[in-house]
Amino acid sequence: VQLQASGGGLVQAGGSLRLSCAAPKRTFYALGWFRQAPGKERDVVAAISYTGSTTYYADSVKDRFTISRDNAENTMTLQMNSLEPEDTAVYYCVADRNFNHIRTGPDYWGQGTLVTVSS
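Conventions adopted
Residues numbered from 1 in each chain as written. Predicted model: local features only at pLDDT ≥ 70, side-chain atom pairs only at ≥ 80, totals over all residues. Heavy atoms only, no water. Helix = DSSP H or I, 4+ residues; strand = E, 2+ residues; numbered from the N terminus. Buried < 20%, exposed > 50% of the residue type's maximum accessible area, 1.4 Å probe, protein only. Polar contact = N/O pair within 3.5 Å; in protein donor to acceptor, adjacent residues only side chain to side chain. Contact = heavy atoms within 4.5 Å. Core = buried A, V, L, I, M, F, W, Y, C linked by side-chain atoms within 4.5 Å. Pairing = 2+ DSSP bridges. Salt bridge = Lys/Arg side-chain N within 4 Å of Asp/Glu carboxyl O.

A. Quick peek at the side chain of D87. With respect to the secondary-structure elements, D87 resides in the loop between β8 (75–80) and β9 (89–96). Looking at D87, the relative accessible area reads 1%, which means it is buried. Here the side chain of D87 touches R64 through a polar contact of 2.8 Å, side chain to side chain. Apart from the residues within four sequence positions on either side, D87 is in contact with R35, R64, F65, S82, V115 and V117.

B. Summary view of the nonpolar core. Counting 29 residues, the largest nonpolar core has W33, L78, M80 and Y91 as its most contacted members. Of all elements in the fold, only β3 (17–22), β4 (30–36), β5 (42–48), β7 (65–70), β8, β9 and β10 (108–118) reach the threshold of two or more residues within this core. The element that contributes the greatest number of residues to this core is β9, accounting for four residues. Ignoring anything within four residues of it in the chain, the contact list for L78 reads L17, R18, L19, W33, V45, A46, F65, T66, I67 and Y91. A30, F34, A47 and V94 belong to the second largest nonpolar core, which has eight residues in total.

C. Region of the structure containing the pairing of β3. In β3, alternate side chains face the same way, and those of L17, L19 and C21 are buried while those of R18, S20 and A22 on the opposite face are not. Two elements, β3 and β8, share six bridges in a ladder whose sense is antiparallel. Paired with L17 across the bridge in β8 is M80.

D. Highlighting the pattern of salt bridges. Using the criterion set out here, one finds four salt bridges in the structure. In this structure, the salt-bridge partner of R35 is D87, at a minimum N-O distance of 2.9 Å. Here R35, found in strand β4, pairs with D87, found in the loop between β8 and β9; they are 52 residues apart in sequence, far enough to count as distant. In this structure, the salt-bridge partner of R64 is E84, at a minimum N-O distance of 3.9 Å. Residue R64 is located in the loop between β6 (55–57) and β7, and its partner E84 is located in the loop between β8 and β9; the two are separated by 20 residues in the primary sequence.

E. The environment of A58, seen in detail. Here A58 is to be found in the loop between β6 and β7. Along the backbone, A58 and W33 are 25 residues apart, and their C-alpha atoms lie at a distance of 10 Å. Among all residues touching A58, those that are not within four sequence positions of it are V44 and V45.

The structure is reproduced here in structure tokens:
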């Protein structure tokens, strides 16, 4: 399973960014995002079930980030608003057949995209 993330960049605190992930066609995977800040472990940010009916957000991003997917286009997006310097990290697109498992140890990882939030 190949995952292609894009959309990272530099933004000022309080700004917004949208990350996108191209997922393979004809798959039935839950999708999500992890991030890794400098000197820290990778942590789950958000996840979405295959149908999109179930989502999960880390407490640190609730009410600021929105995850969505378009299965017709095989894409997933993460809309990030009210960004904070603490959101600075490499963001990874991930996939797993099991929505619950994706939050702890997804089977598939894409390459990361860097998000830098300046104060």
